[in-house]
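Per-entry structural report
In case you want the letters, here they are:
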Amino acid sequence: MELTRRHFLTTAAAGALAIPALSLTTRGAFAQATPVRIGYIADYFGTSLTAIASDQDLWAKHGLEPELKVFTNGPIQIQALGAGSLDFGYVGPGALWLPATGKAKLVAMNALGLSDRVIAQVGFNSMADLKGKKIGVPEGTSGDMLLRLALAKAGMQLSDVEVIKMDPPTVVSAFASKQIDGAGIWYPLVGIIKKTVPDLVEVAKSADFYPANSFPSAFVARNEVADQDPELVKKFIAVMKDANDYRAADVPRSVDITAKFLSVPAEPLVTESQNGQFLTSAELVTATKDGTVFNWLNGLNEQFVAFGKLQNPLDPKDYYLADLYAGN
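Keep in mind that what you see is a predicted model, and the values were worked out from it rather than measured.

Should their charged atoms come close, side chains of opposite charge can pair. Using the criterion set out here, one finds 11 salt bridges in the structure. For the salt bridge of Lys61 with Asp242, the shortest nitrogen-to-oxygen distance reads 2.8 Å. Of the two residues, Lys61 is situated in helix H3 (residues 58-61) and Asp242 in helix H9 (residues 230-249); the sequence distance between them amounts to 181 residues. Classification of Lys61 by relative accessible area gives exposed; the value is 57%. In this structure Asp242 comes out as partly exposed when scored by relative accessible area, which is 26%. Ionic contacts of the salt-bridge type, sharing partners, join the residues Arg37, Asp87, Arg222 and Glu224 into one network.

The next thing to look at is the environment of Ala326. By the secondary structure assignment, Ala326 is in helix H14 (residues 322-327). Residues Ala326 and Phe215 lie 111 residues apart in sequence; the distance between their C-alpha atoms is 21 Å. Those residues in contact with Ala326 that sit more than four places away from it in its chain are Val285, Thr288 and Lys289.

Okay, the nonpolar core next. Nonpolar side chains in soluble globular proteins generally cluster together in the buried interior. Counting 96 residues, the largest nonpolar core has Trp59, Phe88, Val107, Val118, Met127 and Tyr320 as its most contacted members. With seven residues, the top contributor of residues to this core is H9. In this view, Met127 contacts Val118, Leu147, Ala150, Leu151, Ala154, Met156 and Val203; residues no more than four positions away in its chain are not counted. Core analysis: the next-biggest nonpolar cluster, separate from the first, contains 17 residues, Met166, Leu189, Val190 and Leu200 among them.

An order of S7-S6-S8-S5-S9 is seen for the five strands of this open sheet, with the pairing classed as mixed. Either end of the sheet is taken by a strand with one partner, and the two such strands are strand S7 (162-165) and strand S9 (201-205). Neighbour to neighbour, the strand axes of the sheet diverge by 30° on average, direction disregarded. Contacts between helix H5 (residues 142-153) and the sheet are confined to strand S5 (116-120), strand S6 (134-137), S7, strand S8 (182-186) and S9, with S5 contributing the most and set at about 65° to the helix. The strands touched by helix H7 (residues 189-196) within the sheet are S5, S8 and S9, with S8 carrying the most contacts at an inclination of about 130°.

Counting buried positions over the eight residues of strand S2 (residues 64-71) gives seven, a clear majority of the element. Where strand S1 (residues 34-41) lies against S2, eight bridges are found, and the strand directions are parallel. Across the sheet, residue Arg37 finds its bridge partner in S2, namely Glu67.

Here the focus is helix H4 (residues 74-83). Inspection of H4 places Gly74, Pro75, Gln77, Ile78, Ala80 and Leu81 among the buried residues, and these make up the whole buried set. Buried residues along H4 sit against S1, S2, strand S3 (88-91) and strand S10 (216-221). Here H4 starts with a cap whose side-chain oxygen sits 3.0 Å from the backbone nitrogen of Ile76, and that cap is Asn73. Two residues or fewer after H4 comes Gly84, characterised by a positive phi angle close to 85°.

The next thing to look at is the environment of Gly140. Within the secondary structure layout, Gly140 lies in the loop between S6 and H5. Along the primary structure Gly140 and Pro216 are separated by 76 residues, whereas in three dimensions their C-alpha atoms are 14 Å apart. For Gly140, the contacting residues outside a window of four places in its chain are Pro75, Gly94, Ala95, Trp97 and Lys309.

Another point: empty space enclosed by the protein. On inspection of all chains with the given rule, the structure shows two cavities of 30 Å³ or more. The wall of the largest cavity is formed by 25 residues, among which Tyr90, Gly92, Pro93, Ser142 and Trp186 lie closest to the centre. Elements with a minimum of two residues in the lining of the largest cavity: H4 and strand S4 (105-113). By residue number, the principal contributor to the lining of the largest cavity is S4, which donates three residues. Broken down by class, the residue content of the lining of the largest cavity amounts to 11 nonpolar, 10 polar and four charged. Each pocket or cavity is described by its volume, and for the second largest cavity that value is around 40 Å³. Looking at the second largest cavity, the residues that line it are Gly94, Gly140, Thr141, Asp144, Met145, Arg148, Phe304, Phe307 and Lys309. A class-by-class count of the residues in the lining of the second largest cavity yields three nonpolar, three polar and three charged.

Reading guide: rules and limits
- Residues numbered from 1 in each chain as written.
- Predicted model: local features only at pLDDT ≥ 70, side-chain atom pairs only at ≥ 80, totals over all residues.
- Heavy atoms only, no water.
- Salt bridge = Lys/Arg side-chain N within 4 Å of Asp/Glu carboxyl O.
- Helix = DSSP H or I, 4+ residues; strand = E, 2+ residues; numbered from the N terminus.
- Buried < 20%, exposed > 50% of the residue type's maximum accessible area, 1.4 Å probe, protein only.
- Contact = heavy atoms within 4.5 Å.
- Core = buried A, V, L, I, M, F, W, Y, C linked by side-chain atoms within 4.5 Å.
- Pairing = 2+ DSSP bridges.
- Axes fitted to C-alpha atoms, helices over the stretch in contact; angles between N-to-C directions.
- Polar contact = N/O pair within 3.5 Å; in protein donor to acceptor, adjacent residues only side chain to side chain.
- 1 Å grid on protein atoms, 1.4 Å probe; cavity = no way out; pocket = protein on both sides within 12 Å on 5 of 7 lines; lining within 4 Å.
- Points joined across faces, edges and corners; volume = space filled by probe spheres on them.
- Nonpolar A, V, L, I, M, F, W, Y, C, P; charged D, E, K, R; others polar.

This is how it looks when you write it as structure tokens:
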């Protein structure tokens, strides 16, 4: 079942907590276009390039006819890729352990995110204060990753808190109703929570660990697509590069396009966009060629091993299609 943050971002701000299932299809009169199924997450990082590609007709430019499907997180998209119901998807840093196990191929970097937070109810001012307390977190996401980093920095272990696994919308409602004491979550959802709990405390943020720990988001492909249809991968990469450069040149305009695409207010997306670094495609090509991207991915692998998510991750060279991105 696919749950969308698009309706959540709209209704939560008005106090509603129900999230209807939804999938989006964008189709047009594409001549000789190749059908392709693409996943995204309904926030700024997870939607902006997809929204720009749709707004600027980049799919048609590169010969693709997209069926766009919305998800709440990256791991669910990886599952969809494995089930054969999705060709490409978007994942945040917390889900990049899955390509490192061979479940998908990474085809393009998106951005470096600094939007994650560990938040707490008023009265809790540090990770130590949260010892033994209930912390909601979407498992396998960047919020999960930041929580583990923050605990380690405080000399604590995951077992020192009561972790409650929740999907992102449930984290928002549970925190707002004070069913949990803390959460590992990200903007714009933190901003939505603040509307109900304005005095919440941000006890840790991803910027606290940057640049030693980078939080890249990326686009992934189904293994069969990557192995059997490199031309389709090249077309998808070409769309992402064009959209990426449009965003890098005018982030405020990209926020407006994303808000329109999602049918949500721009305000939370503005905040989210201010918590990231957006490199041009040329800069990402350079970062691929000089090994910077591999350093990001190796750094994540080290974290995943330390957190017990992985034992023997693949070398990033085995799951990042660097030659296709750098040469496309």
